[in-house]
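Examination of the molecular architecture
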Amino acid sequence: MTDLDAHFDARVDTPGVDTGAASQASWLRDLVAYAYANAPAVRRILDEAGVVPDDVTGVGALERLPITRKDELLKLQRAEPPFGGFLGVPIGELGRVFMSPGPLFDPQGKEPDYWRFGPALHAAGFEPGDVVLNACAYTMTPLGLMFDEAARHIGCVVLPSGVGNTELQVDMARRMGATAYCGTPSFLKIVLDKAMEQGFDPRSDLGIRKAFVAAEMLPESLRVAIEDLGTSVRQGYGTADLGCLGYECSELTGMHVPRNAIVEIVDPTTGRNVPAGEPGEVVATVNRTTYPLLRFGTGDLSALELTPCACGRESPRLVRIMGRVGDAVKVRGMFVHPRQVTDVLARFSEIERHQIVVTRADHRDAMLARVQTFGDPPSNLAERIRDALWDVLHVRPDVEMVPSGTIPDDAPPIVDQRTWD
Ligand SMILES: [Zn+2]
């Protein structure tokens, strides 16, 4: 067993919902053997990589397989309809088929809580008997049913309210005594604001005390604004193809990877795992024979945290989703994403605008943070900015203070001026 295997062989127990004893290495072996025998695309991938199922003895061995990304899946689905050779069961054994943007077909098997969001909702405090306002689309995309099935698997009652119709959503939530919410955080805020606009106090007239949010970024300011109105907010992460890949617990220390998923953080150019804590592309393999995508590249940028969590779950955690891989640049071997920079610099009230400029001289990358302040900057500001960026990016930038009006309104957040000839 490699170190990587040891990290992923974590026993994750969510009381009451997420049970099961098999370690990830063991289910991975079974999954690969099954997929090789039943999904022609998986057989082709292994054959081309010169890998036989018996070679995949643990998570570390996954690196020998190529990453399959959404654009390739699109091509394969067109070349070999309808599922590109990845379906592991006869089509008649499916429960539903969705058509996500792309357009990409996403199959759903018949097993309960197929996308495995049950433990995620449970960690967000959902309990049997909760009445859940599920404000997600139910058609074409699987999102609505992902949460619907998870909530009902726990024993909740679901109000399939879909998207839009804010006034009706408030009316339904209030009169049905909704206690919980699933959907995007921004729409929850809209619902709560609408309730207030209608003269209701969300804390006393609405009973929505907990929310599970996903499908968009959750700025801390939005979480605080919603929690100030009496609703606790926990977020999750997943994709239409794979289902749940991470969820927050009560401790808010990142998003726990569910035990039936393997999440690797890789350098998207080499497909190799990066050291724990460093950012890279989220690549996932879930234990699911219906549609056994091995090493699916999500295109999302995150990092793994392996330290124990006070909640008792031993699974690795995704620190948060930092953005899309394509928006990031790699400086001295480290990913730098515009959102990371914005998050750090938002801590400095003196800063009006900023821009990162990446250059290269003598075969060495250099990063310059151009910072425009409101008025004259304090003398130690540049040093504090340099230290704060270093802490998060692990790349030490030069900091240049520029006068107001220097950086245009529509300036790109990162300018990469490197040439490679
Ligand atoms: Zn935890």
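Note that the structure is predicted; figures quoted are calculated from it, not measured.

1. Topic: the sheet that holds strand E6 (residues 180-183)
Taken in spatial order, the nine strands line up as E5-E4-E6-E7-E8-E9-E10-E15-E14 in an open sheet, and their pairing is mixed. For this open sheet the edge positions go to strand E5 (157-159) and strand E14 (304-305), each flanked by a neighbour on one side alone. As paired elements, strand E4 (residues 131-134) and E6 share three bridges and run parallel to each other. Note that in E6 the partner of leucine 133 across the bridge is tyrosine 181. On the sheet, helix H6 (residues 143-154) packs against E4, E5, E6, strand E7 (210-213), strand E8 (232-239) and strand E9 (243-248) and is oriented at approximately 175° with respect to E4.

2. Re the layout of surface pockets
In this structure, the largest pocket encloses a volume near 1200 Å³. In this structure, the largest pocket is lined by 44 residues; those nearest its centre are Ala215, Glu216, Met217, Tyr237 and Ile321. Secondary-structure elements contributing two or more residues to the lining of the largest pocket are H6, helix H9 (220-227), E8, strand E13 (296-302), strand E16 (323-324) and helix H10 (338-345). Its residues assigned to classes, the lining of the largest pocket shows 18 nonpolar, 13 polar and 13 charged.

3. Overview of the nonpolar core
Core analysis: the biggest nonpolar cluster contains 70 residues, and Phe117, Leu121, Phe126, Phe212 and Leu318 have the highest contact counts within it. Two domains share this core, each providing at least three of its residues, namely domain 1 (3-110 + 241-327) and domain 2 (118-237). In this structure leucine 121 touches Phe126, Phe147, Ala150, Ala151, Ile154, Cys182 and Phe212, once residues within four positions along its chain are discounted. Counting 23 residues, the second largest nonpolar core, distinct from the first, contains Ile356, Leu389, Val395 and Ile414.

4. Quick word on the packing of helix H2 (residues 24-38) against helix H3 (residues 40-49)
At a minimum axis separation of 6 Å, H2 and H3 run at an interaxial angle of 110°. Of the possible angle classes, the one that applies to H2 and H3 is roughly perpendicular. Residues Val32, Ala35, Tyr36, Ala37 and Asn38 of H2 lie in contact with H3, whose contacting residues are Pro40, Val42, Arg43, Leu46 and Asp47. Considered class by class, the residues forming the contact of H2 with H3 number seven nonpolar, one polar and two charged.

5. With respect to the pairing of strand E12 (residues 280-286)
Burial within E12 is extensive, with seven of its seven residues counted as buried. Relative to E12, strand E11 (residues 261-266) runs antiparallel, the two sharing six bridges. Paired with isoleucine 265 across the strands is valine 282, a residue of E12. In this sheet, E13 lies alongside E12 in antiparallel orientation, the contact comprising four bridges. Paired with glycine 280 across the bridge in E13 is serine 302.

6. A look at the coordination of the zinc ion
Protein-derived coordination of the zinc ion comes from Cys249 (SG), His256 (NE2), Cys309 (SG) and Cys311 (SG), at a distance range of 2.1 to 2.3 Å. Relative to the metal, the four donor atoms surrounding the zinc ion lie at angles of 103 to 113°, and the coordination shape comes out tetrahedral. Of note, the zinc ion draws all its donor residues from one chain, in the sequence arrangement C-x6-H-x52-C-x1-C. Here the residue cysteine 249 occupies a position in the loop between E9 and strand E10 (255-256), and cysteine 311 occupies one in the loop between E14 and strand E15 (317-318), the gap between them amounting to 62 residues. Relative accessible area serves as the criterion here: at 0%, cysteine 249 is assigned to the buried category.

Conventions we followed
Residues numbered from 1 in each chain as written. Predicted model: local features only at pLDDT ≥ 70, side-chain atom pairs only at ≥ 80, totals over all residues. Heavy atoms only, no water. Pairing = 2+ DSSP bridges. Helix = DSSP H or I, 4+ residues; strand = E, 2+ residues; numbered from the N terminus. Contact = heavy atoms within 4.5 Å. Axes fitted to C-alpha atoms, helices over the stretch in contact; angles between N-to-C directions. 1 Å grid on protein atoms, 1.4 Å probe; cavity = no way out; pocket = protein on both sides within 12 Å on 5 of 7 lines; lining within 4 Å. Points joined across faces, edges and corners; volume = space filled by probe spheres on them. Nonpolar A, V, L, I, M, F, W, Y, C, P; charged D, E, K, R; others polar. Core = buried A, V, L, I, M, F, W, Y, C linked by side-chain atoms within 4.5 Å. Buried < 20%, exposed > 50% of the residue type's maximum accessible area, 1.4 Å probe, protein only. Domains from an automatic or database assignment. Parallel < 35°, antiparallel > 145°, perpendicular 65-115°, else oblique. Donors = N, O, S within 2.8 Å, 3.2 Å for Na, K, Ca; no water. Tetrahedral: all angles 85-135°; square planar, octahedral: opposite > 155°, others 65-115°.

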